[in-house]
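Okay, here's what each chain looks like letter by letter:
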Amino acid sequence: MTCILIMGPPGSGKGTQAGDIAARHGVAAISTGDIFRAHVDADTPLGHTAREYMEAGEYVPDSVTIDMLRDRVDRPDCEHGFVLDGFPRTIAQVGALDELLAATGHELRAVIALDVERSELVDRLVRRAATEGRADDTEDVIRRRLELYADETDPLLAEYESRDALVRLDGSGTPAEVAERVAEALAVRA
Ligand code: AMP
């Protein structure tokens, strides 16, 4: 019945940590980026819409993204709660999530923001480009994604801070080290 958000710039380890929390708490992990990539791979109409934005490092329009998330949260595996990785990214998405949580009876338990220095982010993204071959992990697109995060998404943290929901954590180090910090922070907020 709770929702946990993992926020942070591209390369900060959101997906890894969302998966870890979901496994520990027995809830669903939802990555809007993964859902979009699955649609691109399956060549669906949604994939066609999303692809050009993703390859340019731009955000997929709010209306498309919000409808997709609503459908995903409707699925039975979200009944006991879910961890969101990569949503919300805009102020409109913050409002849509508030409405969705109110309508489904979920409570926002915590917003975990992972802080990682820019040079480490770029290193991680370049390494990921080599191993995963993501179309949006090229140098120009990485720069645009980091810029868009700073302009559009980082300011949203202030909103969650004003609600006393924000937990800022050091996202540097190994995934296991970060997972330990996240687990400790969530234990305090249980
Ligand atoms: P991610 O895997 O979270 O880095 O997302 C990859 C790409 O998917 C982003 O660069 C956007 O193009 C798109 N995307 C994922 N989540 C969102 C969102 N909440 N709003 C808009 N676009 C998104």
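See above for the structure.
Residues numbered from 1 in each chain as written. Predicted model: local features only at pLDDT ≥ 70, side-chain atom pairs only at ≥ 80, totals over all residues. Heavy atoms only, no water.

S.K.: Would you mind showing me how to read the packing of helix α6 (residues 118-132) against helix α7 (residues 139-153) here?
M.R.: As a packed pair, α6 and α7 sit with axes 11 Å apart at the nearest point and diverge in direction by 135°. Taken together, the axes of α6 and α7 lie oblique to each other. When you trace α6 past α7, the crossing you get is right-handed. Contacts between α6 and α7 involve Arg118, Leu121, Val122, Leu125, Val126 and Arg128 on the former and, on the latter, Ile142, Arg143, Arg145 and Leu146. Considered class by class, the residues forming the contact of α6 with α7 number six nonpolar, no polar and four charged. (Axes fitted to C-alpha atoms, helices over the stretch in contact; angles between N-to-C directions. Helix = DSSP H or I, 4+ residues; strand = E, 2+ residues; numbered from the N terminus. Parallel < 35°, antiparallel > 145°, perpendicular 65-115°, else oblique. Left-handed = near helix turned anticlockwise from the far one by under 90°. Contact = heavy atoms within 4.5 Å. Nonpolar A, V, L, I, M, F, W, Y, C, P; charged D, E, K, R; others polar.)

S.K.: Looking at this structure, I do not really get the environment of Ala165. What am I missing?
M.R.: Inspection of the secondary structure puts Ala165 in the loop between α8 (156-162) and β5 (166-170). A relative accessible area of 7% places Ala165 in the buried class. Distance from Ala165 to Ile4, taken between C-alpha atoms, is 9.7 Å for residues 161 residues apart in sequence. In contact with Ala165, other than residues within four places in its own chain, are Leu108, Ala110, Val111, Tyr160 and Arg189. (Buried < 20%, exposed > 50% of the residue type's maximum accessible area, 1.4 Å probe, protein only.)

S.K.: Explain the side chain of Arg72 here, please?
M.R.: Residue placement: Arg72 occurs in helix α4 (residues 62-73). When sequence neighbours within four positions are dropped, the list of residues in contact with Arg72 reads Ala28, Ile30, Ile35, Asp77 and Cys78.

S.K.: Looking at this model, I keep getting lost on the site of the ligand. Mind explaining?
M.R.: In the region of the ligand, 16 residues are neighbours, and Thr32, Arg37, Glu58, Gly86 and Arg89 sit closest. At 2.7 Å from a nitrogen atom of the ligand is found a side-chain nitrogen or oxygen belonging to Thr32. Between a nitrogen atom of the ligand and a main-chain N or O atom of Val60, the distance comes to 3.0 Å. Across the complex, the protein chains shield 97% of the 480 Å² of accessible surface that the ligand would expose by itself. For the ligand, the cavity whose grid points lie within 2 Å of the majority of its atoms is the largest pocket. Ranked by residues supplied to the shell around the ligand, first place goes to helix α2 (residues 32-42) with four residues. For the shell around the ligand, the per-class residue count stands at five nonpolar, five polar and six charged. (Near = heavy atom within 4 Å. Polar contact = N/O pair within 3.5 Å; in protein donor to acceptor, adjacent residues only side chain to side chain. Areas by Shrake-Rupley, 256 points an atom, 1.4 Å probe, with all protein chains shown as cover. 1 Å grid on protein atoms, 1.4 Å probe; cavity = no way out; pocket = protein on both sides within 12 Å on 5 of 7 lines; lining within 4 Å. Sits in = over half its atoms within 2 Å of the grid points.)

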